Amino acid sequence: MAYQVLALKWRPSGFDQVVAQDHVTQTLKNAITSNRIANAYLFTGPRGVGKTTTARIFAKALNCKEGPTPNPCNHCSICLKITSGQCLDVLEIDGASNRGIDEIRNLRENIRYVPSSAKFKIYIVDEVHMLTTEAFNALLKTLEEPPPHVRFIFATTEPHKVPATILSRCQRFDFKRIPLERIIGQLKLICDNENIQADDESLLLVAKKADGSLRDAESLLDQLVSFCGPEIKVDEVLKAFSAVSQDLYFQLTDIILANDIRTGLNFVDNLISAGHDINEFLMGLIEHLRNLLFSLATEDKKLLETSENYKTRYLEVSGKFTQEDLLRMIQIVSDTEFKIKKSPNPRVKLEMCIFTLLKMNRSVTLTQVIEQLSGLKSDTVADLKNKPSGVPVTPQPSQHAHAVAREPGQKVSGQADQKKKPDYLNQPYFEPSVSEIHESSPGVAEEISAQPTLTIDLFKTKWQEIIANVQKRRVFVSVFLKEGQPVQFSENTLKIEFHSENGFQLEAVKKNRDLILQAIQDIVGSTVQLEFIKSDQAKKNGEMIEEQDMPHNRIPVQKKIDPKVKRLIDIFEGEILTNGGYHGKT
Amino acid sequence: MKYQDFIKEILAGKFVPVYFFYGDEIYFIDEGVGKIESKFVSSSSANFNRDVFYGEEADAAQIVNTAFSIPMMATQRVVIVKNFQRLSQSGKELIVKYCNRPSPQTILVLIAENVDMRKKVYVALKKTAQVVECKSLYDAQVPVFIRQYVNDKGKDIRLSAIHLLQAKLGNSLNELINETDKLMSFVSDKQVIDVTDVEELVGISRNYNVFQLWDALGARNLSKSLLILRQMLETGERSVGIVTSLTTYFLRLWRIRSLKSQNVSNSEVGKKLRIHQFFLQASIKQAQQYSTKEIKKIMRLLLDADIHLKSSYQSQRVVLELLLLQIVTGKKSI
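For every chain, the first residue of the written sequence is number 1, and numbering continues from 1 onward in sequence order. Working convention: letters from A go to chains and numbers from 1 go to ligands, in the order in which they are written. The predicted origin of the model limits local features to residues at a pLDDT of at least 70 and limits the giving and counting of side-chain atom pairs to 80 or more, whereas totals for whole chains, interfaces and linings rest on all residues. By convention in this description, side-chain values take in all heavy atoms of the structure and omit both hydrogens and water.

1. Observations concerning the sheet that holds strand E4 (residues 106-112) of chain B
Residue and element names in this part refer to chain B. As a reminder of what qualifies: Between any two strands, pairing holds if DSSP finds at least two bridges. Strands are runs of DSSP state E lasting at least two residues, helices are runs of H or I lasting at least four, and both sets are numbered from the N terminus onward. Note on geometry: axes are C-alpha line fits, over the in-contact stretch for helices, and angles between N-to-C directions span 0 to 180 degrees.
Taken in spatial order, the five strands of this open sheet run E2-E3-E4-E1-E5, and their pairing is parallel. Unpaired on one side and paired on the other, strand E2 (50-54) and strand E5 (130-133) mark the two borders of the sheet. Strand-to-strand twist in this sheet, taken as the mean axis angle between neighbours without regard to direction, amounts to 15°. As paired strands, E2 and strand E3 (residues 77-82) are joined by five bridges and run parallel to one another.

The structure is reproduced here in structure tokens:
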């Protein structure tokens, strides 16, 4: 016999073989025995859980020569015909391609004729939500007055797209996603029968990847058999799925616990040279941290989707963390996961992420902080208030990742003891931010010490260089940045002014704050804070206040002109005729 | 005339030449029209003596013509016009004219959804036709109806089970009947349907799990709420929807707290907040689990989670799980 894919070969042929939908199959069977068969059924649920299969079995059960029976014989002529899709009285219609009013009208025409050989004429409409509104209305009329010899079975993944009028005339069955254990059970059954040797862990991986769909799981198993042959081992599965083994994650948490930066960086190196996908790794890491968090919070093994020996390991390891730490670590990793998608250099981002995880201080509870706060002297409190508002009081490493350069020129000496916890009474309430981490790594610190004093003039003279540097990083940002001018530098904050008409550019530039900061750091060798202002805002802020009092039409032309218009005038040698609008003249 | 009165009359053998059914309970309309059909049209002559028109596509003149034609081998002919409200204005007027002098051998059944009975056409119809109002049942009437329905089929159902069904599905009879039919098949030989049956069969579909989640959160049981959450996501529940339902829940707890602090009685709370009695006691108990201050914090958490889900870069499951963790433990994070 020709080769048949597993998903087809193992397609259930009776209600009892349908996996994990007992609430549906049991009810359908009872309905047949007690002869309470509705006119129309609606099967809903995610893909690959058995909707169409159940519909076919139901059709067989109704039409089987020995039937209607809850257990179709599967060898009478009608059962065989239904299985092979040749039965004239069981019509399978794909709603996605027969969605128009004409097809439904056609259906209504044919529906009047009694079945040719079977007891019922059964219409199975797959993907019924794809029908057009007109088609639904036409169908509704049939559903309102169904001929006694007709039964409808609709299947859909998106019941909310089916009109309420149709829904209320169908008996609806919700198919569940198939639980992990049941998928594994079914896979085991298949393996035993097909002479495939597979260990539990590989089956777990397959089942997880299938995400609740048995058909997907069976197809994956098929692929694996082609890839590894009849003996499936977990290493090969990991390779085939390019997945990261759970052991690696445990290794990483061990490294984090040991606070061992060198091993941490080696870890990243190994990971990348082994060819793992960084995104997949981060997703797995979140899953891993989440498992730790929930083993800690609930001590309940049921919440963990992993094999037995790992479950015990999770419970063991989780005790070494606190809930707050794990929450923050998840936040750090998911931030990285987000950023890495847009990053030109994902590896660096990953390293920074691991670094932050390692350098992250174990958390202090809020109550402790409050106690310490109340012990502070009043002048220290005043100092704290002067800090930029973006910096939170509680240690929050993830936000520091955003605010890399926002701290006022803080220089942490390179020799700072990495393991020393910050002394909250004397030091500002920060954990080492990512920028500090950079500085504290040897080699970088020296460069920074040779820093020029910063003035607004320095920025003005270097402005073009900064733009050029930005251009190298991302061209469009530099284009927008050109619209702005550095206007003021005080308290380590550089103000860049945009004309009020350039709001769009301003927004775009704001979004790339980090990038510009990096450019500035490259050129002037120091981290500053950035503030973007619109020019009308600038007026309100001081320097140009006297102009506001002037009558509108007497404002000196030179000062009022939009820079763009000025350039136009320069190019075309034009002049301004009226003040209401600009009319250039060549 | 109410539907129930109509049934009494038709059972007593009284009938009129024109009926006008309207209202939002399709079940009653279907049943009522079914009664008329079964009374006047035998199944063998249905092809000749029963005609169905749809307002949106029918020609009123044709309807009137059919109504005037003589029944074949029977005493009465039945003409049904569905979606009467969608017939053209002139068409409606023509039908009204017919109603003034209807054919005595025809029963014309007009069916419309909820319509404004003050409109001219309907005012005229009121005078000449028997208007049957098919309104949805009130909360208190539904259990009686369902029990009667189940008893007619030779089984029984517990009141608590009906309440749960009602809380889940609302008062739409078609849906209730559908689920009840399903339940009767599900329990098979068992005589009485109880709450566990409803939970097992109906609970698998959506809303019920939300209630379970509420209960678990109300008891501050983290592992249970996480398990329910996982189950919900597995059945394909949308995560934004879960956050919305949690918001509803905590708003309700908040309102209960504020009413209770003004010494409002339990039943009064239920009425004011329109909480179904099935959930009332439990809700009031759960409201004691969270202080007003906590609820405020939780609102913030819910908002954050909502934003996270919609700007979606974290896995939705992780966002929700962390949300539950923070709600139950009251721990601040990130």
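There's plenty left to go through after this.
2. A closer look at the pairing of strand E1 (residues 18-22) of chain B
Residue and element names in this part refer to chain B. Operational definition: Using a 1.4 Å probe on the protein chains alone, a residue whose accessible area is under 20% of its type maximum counts as buried, one over 50% counts as exposed, and one in between counts as partly exposed.
The element E1 is extensively covered by neighbouring structure, given that five of its five residues are classed as buried. Burial of E1 is two-sided: the residues Val18, Phe20 and Tyr22 facing one way and the residues Tyr19 and Phe21 facing the other way are all buried. Relative to E5, E1 runs parallel, the two sharing four bridges. In the sheet register, Tyr19 faces E5, and the bridge partner there is Gln130.

3. What about the packing of aromatic side chains?
The condition that has to hold: Each Phe, Tyr or Trp ring, with Trp reduced to its six-membered ring, pairs with another whose centre is within 6.5 Å; inter-plane angles below 30 degrees give stacked pairs, above 60 give edge-to-face pairs, and intermediate values give tilted ones. Both a distance and an angle decide whether a charge sits over a ring: NZ of Lys or CZ of Arg must be within 6 Å of the ring centre and within 35 degrees of the ring normal.
Summed over the entire model, instances satisfying the criterion amount to 28 aromatic pairs over all chains. A ring pair is formed by Tyr249 of chain A and Phe281 of chain A, whose centres lie 5.4 Å apart and whose planes are at 20°; its orientation type is stacked. Highlighted residues: Tyr249 of chain A in helix H12 (residues 246-258) and Phe281 of chain A in helix H14 (residues 278-298), separated in sequence by 32 residues. With respect to burial, Tyr249 of chain A and Phe281 of chain A carry one shared label: buried. Where Phe6 of chain B meets Phe21 of chain B, the ring centres are 5.2 Å apart and the plane angle is 85°; that geometry is what we call edge-to-face. In this pair, Phe6 of chain B is assigned in helix H1 (residues 3-11) and Phe21 of chain B in strand E1, connecting sequence segments 15 residues apart. For the pair Phe6 of chain B and Phe21 of chain B, one class covers both residues: buried. Joined through ring pairs, the aromatic side chains of Tyr3, Phe6, Tyr19, Phe21, Tyr27, Phe28 and Phe145 of chain B make up one cluster. For Lys141 of chain A, the ring lying beneath its charged end belongs to Tyr54 of chain B, and the centroid distance is 4.3 Å. The ring centre of Phe40 of chain B lies 6.0 Å from the NZ or CZ of Lys39 of chain B, which sits over that ring.

4. Examining the interface of chain B and chain A
Applicable threshold: Two residues qualify as a contact provided that any one of their heavy atoms is within 4.5 Å of a heavy atom in the partner residue. We define buried area as the total accessible area lost by two parts upon association, computed with a 1.4 Å probe and summed across both. Any carboxyl oxygen of Asp or Glu that lies within 4 Å of a side-chain nitrogen of Lys or Arg is treated as forming a salt bridge with it. Residue polarity follows a fixed list, in which Ala, Val, Leu, Ile, Met, Phe, Trp, Tyr, Cys and Pro are nonpolar, Asp, Glu, Lys and Arg are charged, and the others, Gly among them, are polar.
Residue-level contacts link 44 residues of chain B with 42 residues of chain A. Between chain B and chain A lies a buried interface of about 4200 Å² when both sides are counted; carbon and sulfur atoms form 54% of it. The tally of links from chain B across to chain A stands at eight salt bridges. Note that Arg169 of chain A and Asp30 of chain B form a salt bridge whose closest N and O atoms lie 2.8 Å from each other. At the level of elements, helix H2 (26-40), E2, helix H9 (173-187), helix H12 (222-234) and helix H17 (316-329) of chain B are the ones that each hand at least two residues to the side of chain B that touches chain A. With eight residues, H9 of chain B is the single largest residue contributor to the side of chain B that touches chain A. Of the residues in the side of chain B that touches chain A, the class split is 16 nonpolar, 11 polar and 17 charged.

5. With respect to the nonpolar core
Counted only if it meets this: Buried Ala, Val, Leu, Ile, Met, Phe, Trp, Tyr and Cys residues that are joined via side-chain atoms within 4.5 Å together make up what is termed a nonpolar core.
Formed by 83 residues in total, the largest nonpolar core has its most connected members in Phe281, Leu285 and Leu350 of chain A together with Leu217, Leu246, Phe250 and Leu323 of chain B. If we skip the residues at most four places from it in the chain, Leu350 of chain A touches Val268, Leu271, Ile272, Ile278, Phe281, Leu282 and Ile340 of chain A. Grouped together as the second largest cluster of nonpolar side chains are 59 residues, Ile57, Phe175, Ile183 and Ala210 of chain A included.

6. Structural notes on the pairing of strand E9 (residues 493-498) of chain A
Residue and element names in this part refer to chain A. Burial within E9 is extensive, with six of its six residues counted as buried. The two faces of E9 match: Thr493, Lys495 and Glu497 on one face and Leu494, Ile496 and Phe498 on the other face are all buried. The pairing of E9 with strand E10 (residues 529-534) spans six bridges and is parallel. Bridge pairing in E10 links Lys495 to Glu531.

7. Structural notes on the confidence of the model for chain A
In low-pLDDT segments, the atomic positions of the prediction should not be examined closely. Residues and elements named next belong to chain A. Quick note on the threshold: You can read pLDDT as the predictor saying how much it trusts each residue, on a scale of 0 to 100.
Looking at chain A, pLDDT values average 76 and 77% of them are 70 or higher. Low pLDDT, under 50, characterises residues 387-451; the stretch is placed with 94 contacts to residues that sit more than four places away or in other chains. Between residues 581-586, whose pLDDT stays under 50, and residues either more than four places distant or in other chains, the model counts 15 contacts.

8. Remarks on the environment of Lys153 of chain B
All names here are of chain B. Along the chain, the position of Lys153 falls in the loop between helix H7 (141-152) and strand E6 (156-157). For Lys153, a relative accessible area of 40% translates into the label partly exposed. Residues Lys153 and Met184, 31 residues apart in the sequence, show an inter-C-alpha distance of 8.9 Å.

9. As for helix H8 (residues 180-194) of chain A
Residues and elements named next belong to chain A. Stated formally: Given the number of residues in a helix, its expected span is that number minus one, multiplied by 1.5 Å. Within this analysis, the arc is defined by the directions that extend from the helix axis to the C-beta atoms.
With 15 residues, H8 ought to run about 21 Å at 1.5 Å a step, and its terminal C-alpha atoms sit 21 Å apart, in line with that. Buried residues of H8: Leu180, Ile183, Ile184, Gln186, Leu187, Ile190 and Cys191, and no others. Down the axis of H8, the sector holding all buried residues measures 165°, keeping them to one side. The outward face of H8, more than 90 degrees from its buried face, is lined by the exposed residues Glu181 and Asp192. Packing partners of the buried residues in H8 comprise helix H1 (6-9), strand E6 (197-198), helix H9 (200-210) and helix H10 (214-228).

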